[in-house]
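Understanding the architecture of this molecule
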Amino acid sequence: MELRTLRYFVAVAEELHFGRAATRLHMSQPPLSRAIKQLEADVGALLFVRSPAGVTLTPVGTVLLDEARALLDHADRVRVRVSAAAGVATITIGILGDGTDPGVARLAADFSRHHPGIDIRVRDTDLTDPTCGLRAGLVDVALTRAPFDVTALTVRALRTDPVGVVLRADDPLARRDGLPLAELSERRWFQFPQGTDPIWQSYWNGGRPREGPVVRTVQECLQAVLWNGTVGLAPLGHDLPAELAVVPLTDMPPSRVVAVWNEGDTNPLIRSFVEIATSAYRR
């Protein structure tokens, strides 16, 4: 069994869908399907039960998944140790927004356990750069939220979160169970500074041009809501001050938590980080 084929298998086993796994692996679906069929021939048993909706693991596939993860983890450790011996023993991680996300905490614990002795540097960034300094070469990999311009970048989706509108608690709309974007069309919204990625700006403005105060950080956004009655958007599940309330948006696309790195970067620490992140955010 080749490590590459085992990575293909793990991707399909975790996504339970050949199409999503192919997207994750940045390849087309036919060669992925052929690789899995060849692996099943090598093993001598079916690994997946296939259906139009996707796939499920067979008992043999479940056993192989545990073993494949262990083998790939060991292979990554070998690469990292060799890189460390060659002087590549540092990874810089950019984190956007709320570092208290439980997914971040699990990832930090898992990555440190897998890579003791590695110098892990963290760069906390504001809302003006969704790549957390990746394009400027300030970080090796970023934990952030999509969408934004992904030219020359590789993206791995980790989780999706529904989005709500942040309002003052005494706002009449704050008592609603849900709101469509159209009911906020006459309100003032926060803006990011000029030059911010337009795809990123458009998403957090509900897909259309808005007017309102310029903010750079999550706290500035919340203060704009509190002081100016500005509309703010935020993923659901975050703690807010008692003076603020969040109402789910009924027609807002969910926010995707993603890991992103420069296309073609072969640093083994990045690959290990992304695989560990994928697991940590799904627990």
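What you are looking at is a predicted structure, and each value in this text was computed from that prediction instead of being measured.

Time to look at the sheet that holds strand E6 (residues 153–161). Reading across the sheet, the five strands line up as E4-E3-E5-E10-E6 and stay open at both edges, with mixed pairing between neighbours. Among the strands making up the open sheet, the edge pair consists of strand E4 (119–125) and E6. Each adjacent strand pair in this sheet contributes to an overall mean axis angle of 25°, direction not counted. Bridge analysis of strand E3 (residues 90–96) against E4 gives seven bridges, and the strand direction is parallel. For Ile95, the partnering residue across the bridge sits in E4 and is Asp124.

Read across the open sheet, the three strands follow the order E8-E7-E9; overall the sheet is antiparallel. Two strands bound the open sheet, and with one partner strand each, they are strand E8 (232–235) and strand E9 (244–248). Across this sheet, the average inter-strand angle for adjacent strands is 40°, counted without regard to direction. As judged from the five bridges shared by strand E7 (residues 163–168) and E9, these two strands associate in the antiparallel manner. In the strand pairing of E9, Val166 is matched with Val246.

To continue, consider helix H3 (residues 29–43). Helix length check: H3, at 15 residues, gives a terminal C-alpha distance of 21 Å against a target of 21 Å (1.5 Å per residue), a fit within 8%. Buried residues of H3: Leu32, Ser33, Ala35, Ile36, Leu39 and Glu40, and no others. Looking straight down H3, one finds that the buried residues subtend no more than 160° of arc, so they occupy a single side. Turned more than 90 degrees from where H3 packs its buried face, Arg34, Lys37, Ala41 and Asp42 sit exposed. Immediately beyond the C-terminal end of H3, within one or two residues, lies Gly44, with a positive phi of roughly 85°.

On to the packing of aromatic side chains, then. A full pass over the atoms with the stated rule returns seven aromatic pairs. Taking the centre distance of 5.6 Å and the plane angle of 70° together, the rings of Phe111 and Phe273 count as edge-to-face. Residue Phe111 is located in helix H5 (residues 102–114), and its partner Phe273 is located in helix H8 (residues 268–280); the two are separated by 162 residues in the primary sequence. Considered together, Phe111 and Phe273 belong to a single accessibility category, that of buried residues. Ring geometry for Phe192 and Trp200: centres 6.2 Å apart, planes at 15°, overall stacked. The two residues Phe192 and Trp200 agree in class, both being buried. Grouping aromatic residues by their ring pairs yields a cluster made of Phe190, Phe192, Trp200, Tyr203 and Trp204.

Next up on the list: the packing of helix H1 (residues 3–15) against helix H2 (residues 18–25). Working note: a packed helix pair is described by the angle between its axes plus the distance between those axes. Where H1 contacts H2, the two axes come as close as 8 Å, and the packing angle between them is 130°. By the angle between their directions, the pair H1 and H2 is classed as oblique. Viewed along their axes, H1 and H2 form a crossing whose handedness is right-handed. Residues Arg7, Tyr8, Ala11, Val12, Glu14 and Glu15 of H1 touch H2, and the partners they reach there are Phe18, Arg20, Ala21, Arg24 and Leu25.

Bringing the pattern of salt bridges into the picture now. Taken as a whole, this structure holds 13 salt bridges when the rule is applied. A salt bridge links Arg50 to Glu40, with the shortest nitrogen-to-oxygen separation between them at 3.1 Å. Of the two residues, Arg50 is situated in strand E1 (residues 48–51) and Glu40 in helix H3; the sequence distance between them amounts to 10 residues. One salt bridge in this structure joins Arg121 and Asp119, with 3.0 Å as the shortest N-O distance. Taking relative accessible area as the criterion, Arg121 reaches 45% and is therefore assigned partly exposed. One network of salt bridges, with partners in common, ties together Glu15, Arg20 and Arg282.

Further remarks concern H1. Here H1 spans 18 Å end to end across 13 residues, near enough to the 18 Å set by a 1.5 Å rise per residue. Among the 13 residues in H1, 10 count as buried, and that is most of the element. Thr5, Leu6, Arg7, Tyr8, Phe9, Val10, Ala11, Val12, Ala13 and Glu15 are the residues of H1 that are buried. Following H1 by one or two positions, Leu16 has its phi on the positive side, about 55°.

Turning next to the environment of Leu222. Mapped onto the elements, Leu222 comes out in helix H7 (residues 218–228). Look at Leu222 and you get buried, because its relative accessible area is 12%. Counting along the chain gives 197 residues from Leu222 to Leu25, while the straight-line C-alpha distance between them is 38 Å. For Leu222, the residues in contact, after removing those within four places along its chain, are Val166, Leu240 and Leu244.

What counts and how
- Residues numbered from 1 in each chain as written.
- Predicted model: local features only at pLDDT ≥ 70, side-chain atom pairs only at ≥ 80, totals over all residues.
- Heavy atoms only, no water.
- Pairing = 2+ DSSP bridges.
- Helix = DSSP H or I, 4+ residues; strand = E, 2+ residues; numbered from the N terminus.
- Axes fitted to C-alpha atoms, helices over the stretch in contact; angles between N-to-C directions.
- Expected span 1.5 Å × (residues − 1).
- Buried < 20%, exposed > 50% of the residue type's maximum accessible area, 1.4 Å probe, protein only.
- Arc of directions from axis to C-beta.
- Phe/Tyr/Trp six-rings, centres within 6.5 Å; stacked < 30°, edge-to-face > 60°.
- Parallel < 35°, antiparallel > 145°, perpendicular 65-115°, else oblique.
- Left-handed = near helix turned anticlockwise from the far one by under 90°.
- Contact = heavy atoms within 4.5 Å.
- Salt bridge = Lys/Arg side-chain N within 4 Å of Asp/Glu carboxyl O.

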